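Each chain is listed here by its residues.
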Amino acid sequence: YQDSFPYHEQREAPAQAAILHEPAYQYNLIYDNAQFVGLMLCWETARFIYVEHFCILPSMRNRQYGRKALELLQQKGKAVILEIDLPADGVSIRRKAFYERAGFTANGFAHVHPPYHAGHDGHKLVVMSWPSALSEALYTEFAAYLQHVIMEKV
């Protein structure tokens, strides 16, 4: 988690511990048999699943673990929403392409993720969704949930 996300995209340890008790929150460890592979940290509502953090260990990438983890999530039959950095460099462009290969669509909404830390600003991100682009109503529902439920826990 700390290696995969910059500080401004990480919850502080007490906030992370507190949300473990939230019924909508899922802290999923990804394993291949006994080998730890990565994390997928999600919030599930009646209408969508929001992937707050998702990472595969660098040494385990390019082995289809990310694709398989997303496929398991997609089997729940709900819209899946996640955010990525604006595609501006090689890494962010490859990340967007990875999600597109997994069936995700970039949405055109102007989106700023609220800050995880006092004294920090939010940061612009691209909202991606599966199986299709979000309606304005579903994006508005997601944005309100992010602001008033998820980010209230920081």
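Note that the coordinates shown come from a computational prediction; the quantities given were computed from them, not determined experimentally. (Residues numbered from 1 in each chain as written. Predicted model: local features only at pLDDT ≥ 70, side-chain atom pairs only at ≥ 80, totals over all residues. Heavy atoms only, no water.)

### Some details on helix H2 (residues 65–74)
Thinking step 1. Listing the buried residues of H2 in full gives Tyr65, Gly66, Ala69, Leu70, Leu73 and Gln74.
Thinking step 2. Buried residues along H2 sit in contact with strand E1 (25–32), strand E2 (35–44), strand E3 (48–56), strand E4 (79–84), helix H3 (90–101) and strand E8 (126–130). (Buried < 20%, exposed > 50% of the residue type's maximum accessible area, 1.4 Å probe, protein only. Helix = DSSP H or I, 4+ residues; strand = E, 2+ residues; numbered from the N terminus. Contact = heavy atoms within 4.5 Å.)

### Thoughts on the pattern of salt bridges
When charged atoms on two side chains of opposite charge get close, those side chains can pair.
Thinking step 1. For the structure on display, the rule yields 6 salt bridges.
Thinking step 2. For Lys78, the salt bridge is made with Glu44, and the minimal N-O distance between the two is 2.8 Å. Residue Lys78 is located in the loop between H2 and E4, and its partner Glu44 is located in strand E2; the two are separated by 34 residues in the primary sequence.
Thinking step 3. The salt bridge involving Arg47 is made with Glu141; its shortest N-O contact spans 2.8 Å. (Salt bridge = Lys/Arg side-chain N within 4 Å of Asp/Glu carboxyl O.)

### Examining the environment of Asp121
Thinking step 1. Structurally, Asp121 can be placed in the loop between strand E6 (112–113) and strand E7 (123–124).
Thinking step 2. On the basis of relative accessibility, which here comes to 70%, the residue Asp121 falls in the exposed class.
Thinking step 3. Expressed as a C-alpha distance, the spacing of Asp121 and Glu136, which sit 15 residues apart in the sequence, is 25 Å.

### Some remarks on the pairing of E4
Thinking step 1. Summarising burial for E4: 6 of the 6 residues are buried, a large majority.
Thinking step 2. What you see with E4 is no split at all: Ala79, Ile81 and Glu83 on one side and Val80, Leu82 and Ile84 on the other are buried throughout.
Thinking step 3. Two strands pair when backbone bridges link them, and E3 and E4 are joined in this way by 4 bridges, in the parallel orientation. When the sheet's bridge partners are listed, Ile49 is paired in E4 with Val80. (Pairing = 2+ DSSP bridges.)

### Some details on a nonpolar patch on the surface
Thinking step 1. A cluster of nonpolar side chains, Leu20, Tyr27, Leu29 and Tyr31, forms an exposed patch at the surface whose accessible area comes to about 400 Å².
Thinking step 2. In this structure, Tyr27 sits in strand E1. (Patch = residues over 30% accessible without salt bridge, like charges linked within 9 Å, V, L, I, M, F, W, Y side chains within 5 Å. Areas by Shrake-Rupley, 256 points an atom, 1.4 Å probe, with all protein chains shown as cover.)

### What to know about the nonpolar core
Thinking step 1. Within the largest apolar cluster, 22 residues are counted, with the highest numbers of intra-cluster contacts made by Trp43, Phe48, Tyr50, Ile81, Phe142 and Ile150.
Thinking step 2. The element best represented in this core is helix H4 (residues 136–150), accounting for 6 residues.
Thinking step 3. Here Phe142 is in contact with Phe48, Tyr50, Ile81, Glu83, His111 and Val127, once residues within four sequence places are set aside. (Core = buried A, V, L, I, M, F, W, Y, C linked by side-chain atoms within 4.5 Å.)

### Focus on H4
Thinking step 1. In a regular helix each residue adds 1.5 Å, so 15 residues correspond to 21 Å; H4 covers 20 Å between its end C-alpha atoms and thus fits that length.
Thinking step 2. Among the residues making up H4, those that are buried are Leu138, Tyr139, Phe142, Tyr145, Leu146 and Ile150. All buried residues of H4 project into a common sector of 125 degrees when viewed along the axis, lining one side. Away from the buried face of H4 by more than 90 degrees, exposed residues Glu136, Ala137 and His148 are located.
Thinking step 3. Buried positions along H4 lie against E2, E3, E4, E6 and E8. (Expected span 1.5 Å × (residues − 1). Arc of directions from axis to C-beta.)

### Comments concerning the pairing of E8
Thinking step 1. Taken across its 5 residues, E8 has 4 buried, putting it largely inside the fold.
Thinking step 2. Bridge count between strand E5 (residues 105–106) and E8: 2 bridges; the pairing is antiparallel. Considered in E8, the bridge of Thr105 is made with Ser129.

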